[in-house]
Every structure is written in structure tokens, then in C-alpha cells.
Amino acid sequence: MTLQDKMNKSYKPALNSLKTEIASELGLTNYDSIDKGNLTARQNGYVGGYMTKTLVDMAEKSLSGNMSGSMTNSMSGNMTSK
């Protein structure tokens, strides 16, 4: 089993939960149990688009928090070592 396969299995439930939550916010009830082929491309696209936007926002917040903390630590380390 490849690393990618392991990652897909571990994140799949969280992504499905996010997809269902976003679909509900967009007014698509029971999204996990309906036939996606009966939805319009626009409806399915909105769900995927908002999922991507949400995941990018989460990653940006995570990186900005980690980057500011690591930059502060490295700067203070440089100041004390001189």
C-alpha cells in the first residue's frame, strides 16, 4: 500500500463530512444519499468549489499561524545569540 493510499483512507471521512456540511449550507439536503447524476453541473461544481475554498482558507490560516510563530522564534534566537 502506497503512502498516498494510506492518506486517502485517513482523510476520506473528514472530506465527506465537509462535503455534506457544505452541501447543506448550499441547500442540498441529503447530499450524501442522493444520486449526484441527477444534480446539475452547477450544483455539483458549487459543492466542489466551496470545498476547495474552505480547504485553502484552512491551510492559509494554519500556515500563517505556524510561519509567524517560527519566524518570531528564529528572530529572537538570532537576537540573543549575537
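Keep in mind that what you see is a predicted model, and the values were worked out from it rather than measured.

1. Some remarks on the overall build of the protein chain
So, point 1. A tally of helices and strands in the protein chain yields 2 helices and 0 strands.
So, point 2. Surface summary for the protein chain: the accessible area is close to 6600 Å², and the carbon and sulfur share equals 58%.

2. Quick look at the environment of S24
So, point 1. Looking at the element boundaries, S24 is found in helix α1 (residues 3-25).
So, point 2. Sequence-wise, S24 and V47 are 23 residues apart; in three dimensions their C-alpha atoms are separated by 9.5 Å.

3. Digging into the nonpolar core
So, point 1. In this structure, L18, I22, A23, L28, Y31, L39, V47 and M51 together form the largest nonpolar core, which totals 8 residues.
So, point 2. Elements with a minimum of two residues in this core: α1 and α2 (41-81).

4. Observations concerning unusual backbone geometry
Residues apart from glycine generally show negative phi values, whereas peptide bonds are mostly found in trans.
So, point 1. In the Ramachandran plot, N30 falls in the positive-phi region, its phi being about 55° despite a non-glycine side chain.
So, point 2. Residue class for N30 comes out exposed when judged on its relative accessible area of 52%.

5. A look at a nonpolar patch on the surface
So, point 1. Together, Y11, L15, L55 and M58 make up an exposed nonpolar region whose accessible area comes to about 390 Å².
So, point 2. Elements represented by at least two residues in the nonpolar patch include exactly α1 and α2.
So, point 3. By the secondary structure assignment, M58 is in helix α2.

6. As for the pattern of salt bridges
So, point 1. Inspection of every chain in the model, using the stated rule, returns 1 salt bridge.
So, point 2. Put simply, K53 and D57 hold a salt bridge, and the shortest N to O gap is 3.2 Å. Of this pair, K53 and D57 both sit in helix α2, 4 residues apart, which is roughly one turn of that helix.

7. A look at the confidence of the model for the protein chain
So, point 1. Overall, the prediction assigns the protein chain a mean pLDDT of 81, with 76% of residues at 70 or greater.
So, point 2. The model gives residues 70-82 a pLDDT under 50, and that stretch makes 0 contacts with residues more than four places away or in other chains.

8. Concerning the packing of aromatic side chains
When we look at a pair of aromatic rings, we describe it by the centre distance and by the angle of the planes.
So, point 1. Within this structure, the stated rule accounts for 1 aromatic pair.
So, point 2. Relative to Y50, the ring of Y46 has its centre 6.4 Å away and its plane inclined at 45°; by these criteria the two rings are tilted. Of the two residues, Y46 and Y50 both sit in helix α2, 4 residues apart, roughly one turn of that helix.
So, point 3. Cation over ring: K36 sits above Y31, and NZ or CZ is 4.6 Å from the ring centre.

Scoring rules and cut-offs
- Residues numbered from 1 in each chain as written.
- Predicted model: local features only at pLDDT ≥ 70, side-chain atom pairs only at ≥ 80, totals over all residues.
- Heavy atoms only, no water.
- Helix = DSSP H or I, 4+ residues; strand = E, 2+ residues; numbered from the N terminus.
- Areas by Shrake-Rupley, 256 points an atom, 1.4 Å probe, with all protein chains shown as cover.
- Core = buried A, V, L, I, M, F, W, Y, C linked by side-chain atoms within 4.5 Å.
- Buried < 20%, exposed > 50% of the residue type's maximum accessible area, 1.4 Å probe, protein only.
- Patch = residues over 30% accessible without salt bridge, like charges linked within 9 Å, V, L, I, M, F, W, Y side chains within 5 Å.
- Salt bridge = Lys/Arg side-chain N within 4 Å of Asp/Glu carboxyl O.
- pLDDT = per-residue confidence, 0-100.
- Contact = heavy atoms within 4.5 Å.
- Phe/Tyr/Trp six-rings, centres within 6.5 Å; stacked < 30°, edge-to-face > 60°.
- Lys NZ or Arg CZ within 6 Å of the ring centre and 35° of its normal.

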